[in-house]
Amino acid sequence: MTDDPTASATTEPATTEPGTTGFRANVDELVANNLRYHESFGDGPLDVRPRRKLAIVACMDSRMDIFDMLGLAHGEAHIIRNAGGVVTDDVIRSLVLSQRRLGTEEIILIHHTNCGLEGVSVDEFKKELEDEVGIRPWWALEAFTDPDADVRQSIKRLQLSPFVKYKDHISGFVYDVHTGLLSPVL
Ligand SMILES: [Zn+2]
């Protein structure tokens, strides 16, 4: 970190391929950005409970700004993200807290086109890891080939979970990363 927190704020972004020569960590620039964010920060009074009583489960994809693409403001919804936007045990954990302690009653699932998890060979991926580190991953990769089918699978998992309390308002969408448009999954 530099002494002047704004010193690196205008430099070029880091290369997109970590591990390759020339990679430069982002942290100093982001901390400087945050200092400016803090200077005009006005969200202090927001309640911990999302105002729209809404939780969104979405892929971690860097092209999806969930608040922006849905016209959401800070404090209005929980956003729970992982690779694929898959309903895992940990997503259930977050949703259960969201519903039972923080007042949400609606769940929206968002997968997308051109997902990094789409079409990945689970066997190859796990073998690659096992060959490299000596242990086969015990967790599911949750790769898929059809994002619509995967949304349906995720909705079923929610509906079958005994821990999810509010199931009357669950919907799923696939976001097109080339057009910015959401398509409902029926
Ligand atoms: Zn994705």
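A quick note: this is a predicted structure, and the numbers were derived from the prediction, not measured.

**Student:** Can you explain the environment of valine 120? Please cite residues and give values.
**Tutor:** Along the chain, valine 120 turns up in the loop between strand 3 (106–112) and helix 4 (122–133). On a C-alpha basis, the gap between valine 120 and phenylalanine 144 in space is 7.4 Å, while along the polypeptide they are 24 residues apart. Among residues more than four places away in sequence, those in contact with valine 120 are Phe125, Leu141 and Ala143.

**Student:** Describe the nonpolar core, with residues and values.
**Tutor:** By size, the foremost hydrophobic cluster in this structure holds 24 residues, and its most contacted members are Ala55, Ile56 and Val57. Counting residues per element, the ones that place at least two in this core are strand 1 (54–59), strand 2 (77–82), helix 3 (89–100), strand 3, helix 5 (147–160) and strand 4 (170–175). Per-element tally for this core: the top contributor is strand 1, with six residues.

**Student:** Tell me what's going on with the pairing of strand 4, and back it up with residues and numbers.
**Tutor:** Successive side chains on a regular strand alternate, one facing one side of the sheet and the next facing the other. Here strand 3 runs beside strand 4; their pairing, made up of six bridges, is parallel. Bridging from a neighbouring strand, histidine 112 pairs with tyrosine 175 of strand 4. Sheet analysis places strand 4 next to strand 5 (residues 182–184), joined by three bridges and oriented antiparallel. Looking at the pairing, tyrosine 175 lines up with leucine 182 of strand 5. Linking strand 4 back to strand 5 in an antiparallel pair, the connection comprises six residues, with glycine 180 at a positive phi of about 80°.

**Student:** Help me get a handle on the sheet that holds strand 3, residues and values and all.
**Tutor:** The strand order 2-1-3-4-5 describes an open sheet built from five strands, whose pairing is mixed. Only two strands of the sheet have a single neighbouring strand rather than two, namely strand 2 and strand 5. Averaged over all adjacent pairs, the angle separating strand axes in this sheet is 25°, with direction ignored. Pairing geometry for strand 1 and strand 2, over six bridges, is parallel.

Rules behind the numbers
- Residues numbered from 1 in each chain as written.
- Predicted model: local features only at pLDDT ≥ 70, side-chain atom pairs only at ≥ 80, totals over all residues.
- Helix = DSSP H or I, 4+ residues; strand = E, 2+ residues; numbered from the N terminus.
- Contact = placed C-beta atoms within 7 Å.
- Core = buried A, V, L, I, M, F, W, Y, C linked by C-beta atoms within 7 Å.
- Buried ≥ 20, exposed ≤ 12 C-beta atoms within 10 Å, placed from the backbone.
- Pairing = 2+ DSSP bridges.
- Axes fitted to C-alpha atoms, helices over the stretch in contact; angles between N-to-C directions.

Read these as geometric descriptors, not functional statements.
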